[in-house]
Amino acid sequence: MVKSPAAKSAPAPEPTPSAADIAASNALLADLTAGDDFDFGTIAAEEAIVDLVGSSAGGASSGGFRASANSIDPWKGGRQAPRPKKSGYLSSEYVGGSGQLDRMAKLVDEGIVLDGRTVKLGALTASYHQAIPVPTDRALVAFANPEHTRISTEGGTTHLQVGIQAANRELPKRPPVQIVLVVDTSGSMETEAKMMFAKQAAERLVDKLLPTDQLAIVAYADDVEIVQPLAPRGDGTAAHSAIRNLRAGGATNISAALAAAYRHLGPERDKDAISRIVLLSDGNPTAGVTDPSHIRKQAYDAFQDGLQTTTLGVGLDFNSELMMAVAQEGKGNYHFVKDGDAIAGVLDEELDQLTHVVAQAVRLRIELPDDIGLVRVLGADVLSEDEGKKVRAEERNLDRRIAAELGIAEDRKDEKEEGLKLVVPSFHMGKHHIVMLELEVPAGADPVDVALVEVKYKDLLSRTNREETVTATVQRAPSKAESLTSLDKTVKKNLLGFQTGEALLRAGQFVERGFVDAAVKEIDDQMALLGVAADRWRDSDLEQDVELLGAYKEVILAQGGGGLGPQARQYLSRALSYNGYKLTR
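Quantities reported herein were computed from a predicted structural model and do not represent experimental measurements.

## Quick notes on the overall build of the protein chain
Phase 1: Within the protein chain one finds 15 helices and 18 strands.
Phase 2: With 585 residues in all, the protein chain has 57% of them scored as buried.
Phase 3: Expressed as a percentage of contacts within the protein chain between residues at least 6 apart in sequence, the contacts between residues at least 24 apart total 80%.
Phase 4: Carbon and sulfur atoms make up 48% of the accessible area of the protein chain, which amounts to about 23100 Å² in all.

## A look at the confidence of the model for the protein chain
Phase 1: Summing up the model confidence of the protein chain, the mean pLDDT is 76 and the portion of residues at 70 or higher is 72%.
Phase 2: The low-confidence segment residues 1-79 (pLDDT under 50) makes 160 contacts with residues lying over four places distant or belonging to another chain.

## Observations regarding the nonpolar core
Phase 1: Core analysis: the biggest nonpolar cluster contains 47 residues, and Leu140, Val362, Ile366 and Val450 have the highest contact counts within it.
Phase 2: Broken down by element, this core gets its largest block of residues, seven residues, from strand β13 (residues 357-367).
Phase 3: If we skip the residues at most four places from it in the chain, Leu140 touches Pro135, Ile164, Gln165, Ala166, Ala359, Val362, Phe427, Val455, Tyr457 and Glu468.

## Some points on the packing of aromatic side chains
Ring pairs (aromatic) are described by centroid distance and by the angle formed between their planes.
Phase 1: One pass over the structure, following the stated rule, counts one aromatic pair.
Phase 2: When the centroid spacing of 6.4 Å and the interplanar angle of 55° are considered together, the rings of Phe510 and Phe515 count as tilted.
Phase 3: The aromatic ring of Phe303 is capped on one face by Lys331, whose charged end is 5.4 Å from the ring centroid.
Phase 4: One Lys or Arg, Arg401, reaches over the ring of Phe303 and ends 5.7 Å from the middle of that ring.

## Let's talk about the sheet that holds strand β6 (residues 156-166)
The strands making up a sheet associate through hydrogen bonds between their backbones, and the pairing can be parallel or antiparallel.
Phase 1: Here we have four strands laid out as an open sheet, ordered β4-β6-β16-β14, and antiparallel in their pairing. Because the sheet does not close on itself, it has two edges, and the strands there are β4 (140-146) and β14 (373-378). Taken over all neighbouring pairs, the strand axes of this sheet differ in orientation by 20° on average, direction set aside.
Phase 2: Here five bridges tie β14 to strand β16 (residues 432-441), and the two strands are oriented antiparallel to one another. Paired with Arg376 across the bridge in β16 is Glu438.

## Examining the sheet that holds strand β5 (residues 150-152)
Phase 1: Spatial strand order, β1-β15-β13-β17-β18-β5: six strands in an open sheet with mixed pairing. Looking at strand neighbours, the two that pair on one side only are β1 (88-89) and β5, the edges of this open sheet.
Phase 2: Summarising the sheet, strand β17 (residues 448-459) and strand β18 (residues 464-477) pair through eleven bridges and their orientation is antiparallel. In the strand pairing of β18, Val455 is matched with Glu468.
Phase 3: Along the sheet face, helix α10 (residues 385-406) touches β1, β13, β15 (420-428) and β17 and points at about 140° away from the line of β13.

## Thoughts on the packing of helix α6 (residues 254-265) against helix α7 (residues 292-304)
Phase 1: Contact geometry for α6 and α7: axes closest at 10 Å, N-to-C directions at 10°. In terms of axis orientation, α6 runs roughly parallel to α7. Where α6 approaches α7, its residues Ile254, Ser255, Leu258, Ala259 and Tyr262 are matched on the opposing element by His294, Ile295, Gln298, Ala299 and Ala302.

## Considerations on the side chain of His356
Phase 1: In this fold, His356 is placed in the loop between α9 (340-354) and β13.
Phase 2: Residue His356 is classed as buried on the basis of its relative accessible area, which comes to 11%.
Phase 3: Beyond its immediate stretch of four places on either side in the chain, His356 contacts Glu170, Phe427, His428 and Met429.

## Concerning α7
Phase 1: The terminal C-alpha atoms of α7, which comprises 13 residues, lie 19 Å apart, in line with the 18 Å expected from a rise of 1.5 Å per residue.
Phase 2: Along α7, the positions that sit buried rather than exposed are Ile295, Gln298, Ala299, Tyr300, Ala302, Phe303 and Gln304.
Phase 3: Once α7 finishes, Gly306 follows within two positions and takes phi at roughly 90°, a positive value.

Reading the values: the criteria
- Position labels on residues start from 1 in each chain and follow its written sequence.
- Where totals are concerned, whole chains, interfaces and linings use all residues; where local detail is concerned, this predicted model gives features only for residues with pLDDT of at least 70, and gives and counts side-chain atom pairs only at 80 or more.
- To obtain the side-chain values, all non-hydrogen atoms of the structure were included, while hydrogens and water were left out.
- Runs of H or I in DSSP of at least four residues are treated as helices and runs of E of at least two as strands, each being numbered from the N terminus.
- Three exposure classes are used, based on accessible area relative to the maximum for each residue type with a 1.4 Å probe and protein chains only: buried under 20%, partly exposed in between, and exposed over 50%.
- Whether two residues touch is decided by their heavy atoms; if any such pair falls within 4.5 Å, the residues are in contact.
- Throughout, the Shrake-Rupley method with a 1.4 Å probe supplies accessible areas, and for residues the shown protein chains are the sole cover considered.
- For every residue, the pLDDT score states the predictor's confidence, bounded by 0 at the bottom and 100 at the top.
- Residues grouped as a nonpolar core are buried Ala, Val, Leu, Ile, Met, Phe, Trp, Tyr and Cys residues, joined through side-chain atoms within 4.5 Å.
- Stacked, edge-to-face and tilted are the three classes for Phe, Tyr and Trp ring pairs, Trp counted by its six-membered ring, which pair at centre distances within 6.5 Å; planes under 30 degrees apart are stacked, over 60 edge-to-face, the rest tilted.
- In our convention, an over-ring charge means Lys NZ or Arg CZ found within 6 Å of a ring centre and within 35 degrees of that ring's normal.
- We call two strands paired when DSSP finds no fewer than two bridges between them.
- Here an angle of 0 to 180 degrees is reported between the N-to-C directions of two axes, which are lines fitted to C-alpha atoms, with helices fitted over the stretch in contact.
- Angle categories are assigned with fixed cut-offs, so that under 35 degrees is roughly parallel, over 145 is roughly antiparallel, 65 to 115 is roughly perpendicular, and the rest are oblique.
- Given a helix with a known number of residues, its expected span is that number minus one, times 1.5 Å.

Below, the structure written as structure tokens:
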């Protein structure tokens, strides 16, 4: 069992932290912010870290007083990253499907041989996302939970958890479905039984459709062929026959395949149906236009015309970045078929999500008062002005199209509202999405509103526009020491998850570049923080994650003497990135 040096047996409850305790906490954070080394093995360090996590009675985090160490850019010598603007668009990491995680899990699962033994670094098992109340009378609900319910009259920093939760209700009537299945039949599909997997996936999809749902099948290698034009599925005989007759051979012309699919479905699109292009591929584009930016733009342009694109990667050698980008630009889902047994679940998930969209044109807006500072955003990036204009145009176009097709009135015409805005084109039943803000609160004696949170969306359950606002308010405490008792532990645990994920992503980057000491320090620091939290809260999930972080550290150190070899470096980087991605999405 690998333990953090700071994680010991559960102590007796601590008294309210003294001014000296708070000073020690601030000193530790100052060291972290400056990027200096800090010995986490000392008693003084352990006591300081306690203040980062909160007392056993439910204390506050380090965020109450100093900038988080995770706001440091590791590629800028430990300097503080610039603060984001308080108004603009945020990147949406909400992508349906589990392709990225499934693929990385498969790669991590394979393990690597180190010193004659196979090492498999497992995934962090804990889910840091706490239960969120599910709406019953509408499609979505917004929430805004401060990390501290009270903050000192002297001011300081805290975190705010903001998000959206969808209802678990079914639509009154399942919408009809139109799908164009675009199947890679290039020569590489013959290897590792990938053609067999692709055919199984396609036939499974046919079986899941209703007789009245419409399906077309496009096969592509060097050239493109529509092997079944768009038509009702009926008994499925024609579709199954077309799929079974597919043969592999040739190059991979993804661009031409998508162009043919968009041209074929576009004029036939039913405004009352859920229309989707589903692209299956096992590799990189090698024929036709191979520029990834061109292929991404194809998916983006198609979405402006109401056509969404889902991608499904087959095997381990496909271009995962391109497939995810096409899904993001096409506002579809991203899946990964790791073996034959996974096919049924992947296609079930896709069809289930297609028919369980409960809201569209979802916009989460977070407006901060003038006197509230924004230190950083976790779980999303603030987009550039040009990127923001692109998202705004997408939102406006979607608003017009939904009005024309579903009869839900336009409500996004000439808005120039301030605040951070995150737009999600489609939101699925039972899902939720969270971002975390680190905020700076000024000194003062009165309670302070730290944010106004608004969610605006097209409710498909009631076919109406909906809007809801929530105000996040923190009360005042006469001292910083007393504010330590106002921690919302569930928010803090979620924050620890974000921070652990970011630490793992940074460690993965360091490993990939051969910076073993820097990677170990990232893991050491996070082990110390999680160790104290696990100890003080008696949290078994956090304890397990501390042990797993220790296993990562052990493997990195074991290979660090002579430097990590390319294969080991790739595996460790992949495993670290997998866990980091899982905790920050």
